[in-house]
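Chains, contacts and geometry: an overview
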Amino acid sequence: MISGCELLVPAGTKELYEKAVVWKDFQIIEQIATSQIDSKEKSPINIYTVNNTIFIENVKSENITIYNARGQLITSIRNTNRIMQINVPQAGVYLVWIDEKVWKIAVTN
């Protein structure tokens, strides 16, 4: 069970996530009525994608970890710049972990 991490999912999909491999391990699953999944809190961190690259701006943490939608570790790196560029192998959904917060990012070609 993954505790201390809130998983926000689109309205009407909670049951699917509760049964899905990896996603079912999250302790809290909350539905939101939007197709865009945002943090409830305002954050100075800005995360966006261009092609197969995830850009992370204004991050002060030293450690950044990225997983794919299957829960497989893609990379775990140390922050060395104000703007980080992280190449991912293919389009898809990725989880970006920075400190105790997680962002769900869709990468498209």
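Cut-off values and rules
Here the residue numbering is sequential within each chain, running from 1 through the sequence in written order. Under the rules for a predicted model, residues below a pLDDT of 70 receive no local features and side-chain atom pairs below 80 are neither given nor counted, while totals for whole chains, interfaces and linings still include all residues. Heavy atoms throughout the structure, all of them, feed into the side-chain values; hydrogens and water do not. For helices the rule is a DSSP run of H or I covering at least 4 residues; for strands it is a run of E covering at least 2, with both sets numbered from the N terminus onward. Think of it in three bands: residues with accessible area under 20% of the maximum for their type are buried, residues over 50% are exposed, and the middle band is partly exposed, with areas taken using a 1.4 Å probe on protein chains only. The contact definition used throughout considers only heavy atoms, calling two residues in contact when any of these lie within 4.5 Å. Confidence scores per residue from the predictor, reported as pLDDT, run from 0 to 100. Pairing of aromatic rings covers Phe, Tyr and the six-membered ring of Trp, with a centre-to-centre limit of 6.5 Å; geometry is then stacked below 30 degrees between planes, edge-to-face above 60, and tilted otherwise. To sit over a ring, a charge needs its Lys NZ or Arg CZ within 6 Å of the ring centre and within 35 degrees of the ring normal. At least two bridges found by DSSP between two strands are what make those strands a pair. What counts as an axis is a line fitted to C-alpha atoms, over the stretch in contact for a helix, and the angles between N-to-C directions run from 0 to 180 degrees.

Let's talk about the overall build of the chain
When helices and strands are counted, the chain shows 1 helix and 9 strands. Along the chain, helices (α) and strands (β) appear in the sequence β-α-β-β-β-β-β-β-β-β when read from the amino end. Relative to its 109 residues, the chain shows a buried fraction of 33%. At a minimum sequence separation of 6, the contacts of the chain that also span at least 24 residues come to 47%.

Notes on the confidence of the model for the chain
With 83% of its residues at a pLDDT of 70 or more, the chain shows a mean pLDDT of 80. Here strand β2 (residues 26-32) stands out as the element of the chain with the lowest mean pLDDT, 68, in contrast to strand β5 (residues 63-68), whose mean of 92 is the highest.

Description of the packing of aromatic side chains
This structure, assessed with the given rule, holds 3 aromatic pairs. Between Tyr 48 and Phe 55 the ring centres are 5.1 Å apart and the planes differ by 10 degrees, which places this aromatic pair in the stacked class. Look at Phe 55 and you get buried, because its relative accessible area is 14%. Arranged with centres 6.1 Å apart and planes meeting at 70 degrees, the rings of Tyr 67 and Trp 97 form a pair that is edge-to-face. Of this pair, Tyr 67 sits in strand β5 while Trp 97 sits in strand β8 (residues 92-98); the two residues are 30 residues apart in sequence, bridging distant segments of the chain. Residue classification places Trp 97 among the partly exposed residues on the basis of a relative accessible area of 24%. In this structure, Lys 104 packs its charged tip against the face of Trp 23, placed 5.5 Å from the ring centre.

Here's the deal with the sheet that holds strand β7 (residues 83-87)
Read from one edge to the other, the open sheet built from 3 strands follows the order β3-β4-β7, with strand pairing classed as antiparallel. At either end of the open sheet lies a strand with only one pairing partner, and these are β3 (46-50) and β7. In this sheet, adjacent strand axes meet at a mean angle of 20 degrees when their direction is disregarded. Direction of pairing for strand β4 (residues 53-57) relative to β7: antiparallel, over a ladder of 5 bridges.

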